[in-house]
Amino acid sequence: MTNATQTEAPQFYLEEEHHPEGSTMLGFWIYLMSDCLIFAVLFATHGVLGRNYAAGPSPADLFDLSLVAINTAMLLFSSITYGFAMLQMERNAKMETIFWLGVTAVFGLAFLGLELYEFYHLIQEGAGPTRSAFLSSFFTLVGTHGLHVTFGIIWIVTMMVQVRMHGLIPENRRRLMCLSMFWHFLDVIWIGVFSFVYLIGVIG
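So, here is what we can say about the structure in this document. The shown structure was predicted, so the numbers you read here are calculated from the model rather than taken from an experiment. (Residues numbered from 1 in each chain as written. Predicted model: local features only at pLDDT ≥ 70, side-chain atom pairs only at ≥ 80, totals over all residues. Heavy atoms only, no water.)

### Some remarks on the nonpolar core
Then, in step 1: Core analysis: the largest hydrophobic core is formed by 50 residues, its most contacted members being Phe 138, Leu 176, Trp 183, Trp 190, Val 193 and Tyr 198.
Then, in step 2: Those elements giving two or more residues to this core turn out to be helix 2 (21–49), helix 4 (65–90), helix 5 (94–124), helix 6 (133–166) and helix 7 (170–203).
Then, in step 3: In terms of residue count, the dominant contributor to this core is helix 7 (14 residues). (Core = buried A, V, L, I, M, F, W, Y, C linked by side-chain atoms within 4.5 Å. Buried < 20%, exposed > 50% of the residue type's maximum accessible area, 1.4 Å probe, protein only. Helix = DSSP H or I, 4+ residues; strand = E, 2+ residues; numbered from the N terminus.)

Next up, the structure:
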């Protein structure tokens, strides 16, 4: 008994540690609420500065609503395809989940490409972020959203790798749920940007 006790390797940690799911979801909701505050401040800033053109171009002079509508469709389609990925996750279909995550990432990249094209076009016309207070608030608000989309695409690609390597284990399911909340949140924010910045800016 003494020899057996001496040769037994000490165990300082649990081999299978389960992260409590409730705390993860609560923490992520708190993060989303903090993001809401950031975008609320940016929307309020644009509301105050959105009419200060400094004798420069106005939204009606700059924005191409048809291009913005196509860009909006890309992000809305990506939300639908992410929903398909979640349905496949519920069916425990690993490869189908990865496929729809990939489609979502492609739509997200198309959205970013059109947004960067719009930024490049505006800057080429001399309507960069330093031209007026209106353009400063516009580039800050839309650029912050675009940065979030960029991080979301990186997260999607990371989850595609994680699911391929480890399957639809509970940890990956939890991460995909958090990513779903984040991606749909970006959709809601963009609808606000499209309505408040583009539509009201051009029509109003």
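### A closer look at the side chain of Asn 71
Then, in step 1: If you trace the backbone, Asn 71 turns up in helix 4.
Then, in step 2: Given the relative accessible area of 4%, Asn 71 is considered buried.

### Some words on the layout of surface pockets
Then, in step 1: The calculated volume of the largest pocket comes to roughly 150 Å³.
Then, in step 2: Lining the largest pocket, in full, are His 46, Gly 47, Gly 50, Arg 51, Tyr 53, Pro 59, Phe 134, Phe 196, Val 197, Ile 200 and Gly 201.
Then, in step 3: If you list the elements that add at least two residues to the lining of the largest pocket, you get helix 2 and helix 7.
Then, in step 4: Among the elements that make up the lining of the largest pocket, the one with the highest residue count is helix 7 (4 residues).
Then, in step 5: Looking at the lining of the largest pocket, its residues break down into 6 nonpolar, 4 polar and 1 charged. (1 Å grid on protein atoms, 1.4 Å probe; cavity = no way out; pocket = protein on both sides within 12 Å on 5 of 7 lines; lining within 4 Å. Points joined across faces, edges and corners; volume = space filled by probe spheres on them. Nonpolar A, V, L, I, M, F, W, Y, C, P; charged D, E, K, R; others polar.)

### With respect to the packing of helix 5 against helix 6
Then, in step 1: One can describe the packing of helix 5 onto helix 6 by two numbers: an axis separation of 9 Å at closest approach and a directional angle of 155°. Considered as vectors, helix 5 and helix 6 are oriented roughly antiparallel to each other. Our pair here, helix 5 against helix 6, has a crossing hand that is left-handed.
Then, in step 2: Of the residues in the contact of helix 5 with helix 6, the class split is 18 nonpolar, 7 polar and 4 charged. (Axes fitted to C-alpha atoms, helices over the stretch in contact; angles between N-to-C directions. Parallel < 35°, antiparallel > 145°, perpendicular 65-115°, else oblique. Left-handed = near helix turned anticlockwise from the far one by under 90°.)

### Some points on the side chain of Thr 81
Then, in step 1: Structurally, the position occupied by Thr 81 is in helix 4.
Then, in step 2: Excluding its chain neighbours within four sequence positions, the residues that come into contact with Thr 81 are Trp 100, Val 103, Thr 104 and Phe 107. (Contact = heavy atoms within 4.5 Å.)

### Here's the deal with the environment of Gly 113
Then, in step 1: The topology assignment puts Gly 113 in helix 5.
Then, in step 2: With 42 residues separating them in the primary sequence, Gly 113 and Asn 71 have C-alpha atoms 9.0 Å apart.

### Some details on the environment of Phe 196
Then, in step 1: Looking at the element boundaries, Phe 196 is found in helix 7.
Then, in step 2: Look at Phe 196 and you get partly exposed, because its relative accessible area is 33%.
Then, in step 3: On a C-alpha basis, the gap between Phe 196 and Phe 43 in space is 8.4 Å, while along the polypeptide they are 153 residues apart.

### A few points about the packing of aromatic side chains
Then, in step 1: Summed over all chains, the structure comprises 20 aromatic pairs.
Then, in step 2: When the ring of Phe 28 is compared with that of Tyr 31, the centres are 5.5 Å apart and the planes differ by 50°; the resulting orientation is tilted. Residue Phe 28 and its partner Tyr 31 are both found in helix 2; the two are separated by 3 residues, about one turn of the helix.
Then, in step 3: Exposure remark for Tyr 31: the relative accessible area of 33% places this residue in the partly exposed category.
Then, in step 4: Taking 5.8 Å as the distance between ring centres and 40° as the angle between the ring planes, the aromatic pair formed by Phe 77 and Phe 107 counts as tilted. Taken as a pair, Phe 77 in helix 4 and Phe 107 in helix 5 lie far apart in primary sequence, 30 residues in all.
Then, in step 5: Under the relative-accessibility criterion, Phe 77 is labelled partly exposed at 41%.
Then, in step 6: Taken together, the ring pairs connect Tyr 53, Phe 63, Phe 111, Phe 119, Phe 134, Phe 138, Phe 139, Trp 190 and Tyr 198 into an aromatic cluster. (Phe/Tyr/Trp six-rings, centres within 6.5 Å; stacked < 30°, edge-to-face > 60°.)

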